[in-house]
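# Analysis of the macromolecular model
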4 protein chains.
Amino acid sequence: MTGKNNNGSGSSVRPPFKSLRKATYEIIFRADSTAGKVFDVILLIAILCSVIVVMLESVTTIGLRFHQVLYILEWVFTILFTAEYALRLYSAPRPARYAHSFFGIIDLMAVVPTYLSLIFSGAQMLLVIRIFRLIRIFRIFKLTRYLGEARALRTALAHSRYKISVFLTVILSTVVLVGALMHLVEGSASGFTSIPRSIYWAIVTMTTVGYGDIAPQTVLGQSLAALLMIMGYGVIAVPTGIVSAEMVLSKKMEVRTCPSCHLADHEPDAIFCKKCGARLGD
Amino acid sequence: MTGKNNNGSGSSVRPPFKSLRKATYEIIFRADSTAGKVFDVILLIAILCSVIVVMLESVTTIGLRFHQVLYILEWVFTILFTAEYALRLYSAPRPARYAHSFFGIIDLMAVVPTYLSLIFSGAQMLLVIRIFRLIRIFRIFKLTRYLGEARALRTALAHSRYKISVFLTVILSTVVLVGALMHLVEGSASGFTSIPRSIYWAIVTMTTVGYGDIAPQTVLGQSLAALLMIMGYGVIAVPTGIVSAEMVLSKKMEVRTCPSCHLADHEPDAIFCKKCGARLGD
Amino acid sequence: MTGKNNNGSGSSVRPPFKSLRKATYEIIFRADSTAGKVFDVILLIAILCSVIVVMLESVTTIGLRFHQVLYILEWVFTILFTAEYALRLYSAPRPARYAHSFFGIIDLMAVVPTYLSLIFSGAQMLLVIRIFRLIRIFRIFKLTRYLGEARALRTALAHSRYKISVFLTVILSTVVLVGALMHLVEGSASGFTSIPRSIYWAIVTMTTVGYGDIAPQTVLGQSLAALLMIMGYGVIAVPTGIVSAEMVLSKKMEVRTCPSCHLADHEPDAIFCKKCGARLGD
Amino acid sequence: MTGKNNNGSGSSVRPPFKSLRKATYEIIFRADSTAGKVFDVILLIAILCSVIVVMLESVTTIGLRFHQVLYILEWVFTILFTAEYALRLYSAPRPARYAHSFFGIIDLMAVVPTYLSLIFSGAQMLLVIRIFRLIRIFRIFKLTRYLGEARALRTALAHSRYKISVFLTVILSTVVLVGALMHLVEGSASGFTSIPRSIYWAIVTMTTVGYGDIAPQTVLGQSLAALLMIMGYGVIAVPTGIVSAEMVLSKKMEVRTCPSCHLADHEPDAIFCKKCGARLGD
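Summarised in this report is the structure supplied together with it. Here the structure is a predicted model, which means the values were calculated and not measured.

### Details of the overall build of chain A
Each helix and strand counted, chain A has 13 helices and 0 strands in total. When the helices and strands of chain A are read in sequence order from the N terminus, they spell out α-α-α-α-α-α-α-α-α-α-α-α-α. A burial count over chain A gives 50% of its 282 residues as buried.

Rendered as structure tokens:
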């Protein structure tokens, strides 16, 4: 759809240029044509390989032995992705809009760290951000289906954002208070050396992660910890209930309205209105 | 609304005094006017800074080096908050009611620990209770929206309080019984030195926190622990289901209002008001 | 209700005896009269104290110092509870039925361990089973309300027992298979010394408890563990979903049927049918 | 039903042979007749015993002492199950179809490891796959009920597969990114020796398992870990909400059947069939 509106500053004067640009657009932005699909599949494989290269490099034994090979591969992938980014900027109907979109930023951040690593050693580890480019995978297989589901998830989360803010505020306040209390009660002997560190412990405990690197030793500290655990264990029911309620209702909304009695909640496969028996439209 | 009713003991005789008191009230209790908003934002920043000061003081390396600065800052914030508390008491239409309200108690507890620390060393760590004053933040951005959601959450939890009591009783009884059994089965060698300590372990295990500071070593103990884990893992479904059901139903209630009796909670497919029988609009 | 039917073998011939038995029944089984309420409150306090005595005895430092006091208290409580059990058996309209009921068995098990401890040392720790007697607490405050909620919970769980059986079978099979695989992959070096021990680890991991006393060290083992964790993390949604669905529907069932149009789902506070406007019965 | 269609290549010419095959089929594939039930119960006991033998063998102390007995038992069970598999292939109406079915593959995999153990030592541990044969247990007790529930579970999960794919992609991308960041921030000193190992840590943390074998030590690392924990703790609400919504709706569907077109899924308050418009009964 956006492909139709690119009657830009002077592109209508040069049809061959425009068609080349449009063909590029069709291949790298769309997955409808065979060429577009092939491009996407190759791109996904390249992304996956490049992420694996970054990971392997971080493993000391592999990183030392195959240092040169991995170094070259990293630059090959970076140059490839830089070229792809340039092509995307060139062929996008509205380059600025693409550059500011979620995928535009990810695409840029997927090449920048390699150049940065020339100045700051270690920056290349940020290349794993390329993994987010894999989200494009949904475009190849039944695009709209997945995007629809992702939108439904986002809507449900957006609808419950007020409730979740209230919930998070209560959780964070509790964690700060319990952290300070534990620092007072347990002291440095058990590892509660400061309030920030005790807050870290409270988060580890309340989210039921429980590393055990810091653990209360006194009876009072253990009682307080037990209270926090039971609270964390039970309180998870709140965000779960919020999201469940949103999901149940968003499911029920995907319906049609009866033309005769204006009843709104029919199931997707209903042909007649369940209340008055009138035939439903599509 | 409560601002209209403060025709107190003799305040109607002194209009200038009353208007000063009212202006103070508008600024520190309300967020409708610009002055009120500015006051609230400054207050929130001060609260946040004062909590950070308390936290920094608890970190040994920072606490020792900047001891004097942090000490002075703590007293500055305490004097500021004491003055604010006095002003609130002075300007509130019903001072006693404010003093006994949730925020009134929090506001008092946010200054007392500093004075207490003159007698009991360490009491100043309780100042983190100031973090709860941050809940006022919801007043600035879309007050009613957040309060409404908080009320909805509270209602859902209140409705399920009987079910949750039954659930908690079963959980706590189980934890006590399993704790005693584990003390018998494992004994002191694995860390189950007493029943209270074994109950602590049972809570750590059932809530799926799992520190690992105490862990069963015998086959029988590990079998019992495995049972407790599976129970804890599955049983979380119960409070979640309770709250979900409440949320789904409370969501369905908040729909249309009756034009005749102004009853608000009709279900989406209702045609007539369930209380007075009047026809509902769309 | 069952109190009316106790026209036993010959009790109708001796009215004074019957009334004594009935009065005893009213006091120890019911909480309607003042005497019954006082008895229940005293009983609950005694139960709580006796459980605390057992707990304190297990703490080495306290157990050694106050051994004699705690020993005497234990026997005092046991004799009191034995007398109470005898009275219950005597006054119950159908003694056999009481003896086989949930509370009858708990009441017996609350005294037996002390007598057993004369033969088997340590058996007195089983006295914590007395904690289950505290469930009687619900009888004092709004009995029916709590029992109704407990019944609703039990019904919801009973309805979903088939689904939960299928779920548990899948979980247990997975845990056995992964346990055996980990024993193969990791071997004894990381603590996976046998298949049963590896199954224990798999349960600790899948239920997200994660003690860390046994943890995979090899890359393959950690990959398998990561898969198990993600499965355990996601799969909790299944029992939660099952119970939530039951709760939502059991909530909606608590309704009445319209006498005119036979619509069944009205809210508890509806006075008129929401569809046809007819007045609903109680 | 499939038993009627086995008019194979020449089996109709030899009725006695056919009836023997059919009788074998009735006994080992069905649980309707007494013989079939007895066979199934014996089979389940044999499966359970064989799994216990494999488990016991893995426990060093037992495995060494009773090595010969367990070795012989293992081969006895393997030969028994091989014979049973041969009989199933022989009597199944469509042998190829059985061989490719879920249970056909499990049945084969339940005997192969013993033969493999002659070549690869340790392969016999894979025999625990026999545990999956226990799923047949549902056939004996109320087959259809359990299968129906299992199908309902499968349908609910299948319906939410798109949403769950989107959810898993986000989770995995987050885990990879956080893993790389932690490797950068924490370095090898705290155990974050490589990106794959840091990703393993991120999974352990986000799923709230929390072994504690790897744990962040720096302030920045602990802050990042705290964020990941809160995310993992809250985000579990998403799959739970998805499955709950599916369950609630699948529950509502299984209500009444249309007398005219036999459509089964009407909502509880429907008066007319939504497909053909016929009036529904109560």
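### Quick notes on the environment of B:Thr114
All names here are of chain B. For Thr114, the location among the structural elements is in helix H7 (residues 112–116). The buried category is assigned to Thr114, whose relative accessible area is 0%. For the pair Thr114 and Trp75, spaced 39 residues apart in the sequence, the C-alpha separation amounts to 7.4 Å. At a separation of 2.8 Å, a polar atom in the side chain of Thr114 contacts the side chain of Thr78.

### Regarding the interface of chain A and chain C
In this complex, chain A contributes 5 residues to the contact, which on the side of chain C involves 5 residues. Of the roughly 280 Å² buried between chain A and chain C on both sides combined, carbon and sulfur atoms contribute 45%. The interface formed by chain A and chain C contains 0 salt bridges. Viewed at the interface, chain C and chain A are joined by 0 residue pairs in polar contact (both at pLDDT 80 or more). For the side of chain A that touches chain C, the class distribution of residues is 1 nonpolar, 3 polar and 1 charged.

### Examining helix H6 (residues 102–109) of chain A
Residue and element names in this part refer to chain A. For H6, the set of buried residues is Gly104, Ile106 and Asp107. The buried residues of H6 occupy an angular sector of 165 degrees when the element is viewed end-on, so they sit on one face. Looking at the buried side of H6, the elements it contacts are helix H4 (67–91) and helix H5 (95–100).

### Details of the environment of D:Gly241
Structurally, D:Gly241 can be placed in helix H13 (residues 237–253). Among residues more than four places away in sequence, those in contact with D:Gly241 are A:Val243, A:Ser244 and A:Met247.

### Quick look at the packing of helix H2 (residues 34–58) of chain C against helix H4 (residues 67–91) of chain C
All names here are of chain C. Running from amino to carboxyl end, H2 crosses H4 at an angle of 145 degrees, the nearest separation of the two axes being 10 Å. For the pair H2 and H4, the crossing hand works out as left-handed. Contacts from Phe39, Leu43, Ala46, Ile47, Cys49, Ser50, Val53, Leu56 and Glu57 in H2 reach Leu70, Leu73, Glu74, Phe77, Phe81, Glu84 and Arg88 in H4. Classifying every residue of the contact of H2 with H4 gives 11 nonpolar, 1 polar and 4 charged.

Cut-off values and rules
- Residues numbered from 1 in each chain as written.
- Chains lettered and ligands numbered in written order.
- Predicted model: local features only at pLDDT ≥ 70, side-chain atom pairs only at ≥ 80, totals over all residues.
- Heavy atoms only, no water.
- Helix = DSSP H or I, 4+ residues; strand = E, 2+ residues; numbered from the N terminus.
- Buried < 20%, exposed > 50% of the residue type's maximum accessible area, 1.4 Å probe, protein only.
- Polar contact = N/O pair within 3.5 Å; in protein donor to acceptor, adjacent residues only side chain to side chain.
- Contact = heavy atoms within 4.5 Å.
- Buried area = accessible area lost by both parts, 1.4 Å probe.
- Salt bridge = Lys/Arg side-chain N within 4 Å of Asp/Glu carboxyl O.
- Nonpolar A, V, L, I, M, F, W, Y, C, P; charged D, E, K, R; others polar.
- Arc of directions from axis to C-beta.
- Axes fitted to C-alpha atoms, helices over the stretch in contact; angles between N-to-C directions.
- Left-handed = near helix turned anticlockwise from the far one by under 90°.

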